[in-house]
Amino acid sequence: MNDNEFLKLYIKLNLSPAAQAVIERARKGPSRVVGGGGGNVPGRYPSRKMGATIQFESHKVELPGIVEYEYDREVLAYFDQPDAIKLTFAHKGREHFAGIHTCDFLVIRSTGVWYEEWKKESDLVKLSQEVPNKYVRGADGKWSCPPGEAYAKKLGFAYRLRSSADINWNLQANLNYLDDYLRP
């Protein structure tokens, strides 16, 4: 997307100046360089959609997310490691515990803007026990991050917590196999 296309999208989605500023900062590049802690294998993906290299911290969780964004026609743009956000929630007896959090991606779809965080299912189960007000599994089995959703809502964005259990590995294998044929 070029500057003019972003401007049209800002108008279409009725995004506030603060929301536009978040996107413009993300367009300038990631807020940090990813690392490979916790057994993750970080890397870089040469995105045709973005015309840039996108970094990821996990080839088993975030990389499939990138591949999904690449082939999803609703995804107009996506940016890795947008600016950190402040999440406030009850934790360890403190009513207003605040933590700084850098989402994996800021995803721009034709219908809105999402902060997206990808985690292994097993990590989410553990984290939901350690930090129950930050990571919540709904009755439908889907994960959410209520403090992330509250922060995003102030900007007119959404927040989606994605699990490795959401990854369609058959689709991933097919996209990998067909990649040369799907290139323009």
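Residues numbered from 1 in each chain as written. Predicted model: local features only at pLDDT ≥ 70, side-chain atom pairs only at ≥ 80, totals over all residues. Heavy atoms only, no water.

**Q** How would you sum up the packing of helix H3 (residues 62-71) against helix H6 (residues 169-182)? Please name residues and give values.
**A** Each pair of packed helices gets described by two things: the angle between the helix axes and the distance between those axes. With their axes 11 Å apart at the nearest point, H3 and H6 run at an angle of 55° to one another. With respect to each other, H3 and H6 are oriented oblique. Remark: the crossing between H3 and H6 carries left-handed chirality. Listed contacts from H6 to Pro-64, Val-67, Glu-68 and Tyr-71 of H3 are Trp-169, Gln-172, Leu-175, Asp-179 and Leu-182. (Axes fitted to C-alpha atoms, helices over the stretch in contact; angles between N-to-C directions. Helix = DSSP H or I, 4+ residues; strand = E, 2+ residues; numbered from the N terminus. Parallel < 35°, antiparallel > 145°, perpendicular 65-115°, else oblique. Left-handed = near helix turned anticlockwise from the far one by under 90°. Contact = heavy atoms within 4.5 Å.)

**Q** Break down the packing of aromatic side chains for me, with residues and values.
**A** Under the defined criterion, the tally for this structure stands at seven aromatic pairs. The structure contains a cluster of three or more aromatic residues connected by ring pairs, namely Phe-6, Tyr-10 and Phe-79. Here the basic side chain of Arg-109 rests over the ring of Trp-114, its NZ or CZ set 4.7 Å away from the ring centre. (Phe/Tyr/Trp six-rings, centres within 6.5 Å; stacked < 30°, edge-to-face > 60°. Lys NZ or Arg CZ within 6 Å of the ring centre and 35° of its normal.)

**Q** Could you give an account of the nonpolar core, with specific residues and numbers?
**A** In this structure, Ile-23, Leu-106, Ile-108, Tyr-115, Phe-157 and Tyr-159 are the most contacted members of the largest nonpolar core, which totals 28 residues. Among the elements of the structure, helix H1 (3-12), helix H2 (17-27), strand E3 (75-80), strand E4 (85-91), strand E6 (105-109), strand E7 (112-119), helix H5 (146-155) and strand E10 (158-163) are those that each provide at least two residues to this core. The element that contributes the greatest number of residues to this core is H2, accounting for four residues. Filtering out sequence-adjacent residues up to four positions away, Leu-106 remains in contact with Val-22, Ile-23, Ala-26, Ala-77, Tyr-78, Phe-79, Pro-82, Val-113, Trp-114, Tyr-115 and Phe-157. Formed by 15 residues, the second largest nonpolar core is a distinct cluster that contains Tyr-45, Val-67, Trp-118 and Leu-175. (Core = buried A, V, L, I, M, F, W, Y, C linked by side-chain atoms within 4.5 Å. Buried < 20%, exposed > 50% of the residue type's maximum accessible area, 1.4 Å probe, protein only.)

**Q** Go over the pairing of E3, please, and point to the residues and values.
**A** Counting buried residues along E3, five of its six residues qualify, which places the element largely inside the surrounding structure. Relative to E6, E3 is paired through five bridges, and the arrangement is antiparallel. Following the sheet pairing, Val-75 is matched in E6 by Arg-109. (Pairing = 2+ DSSP bridges.)

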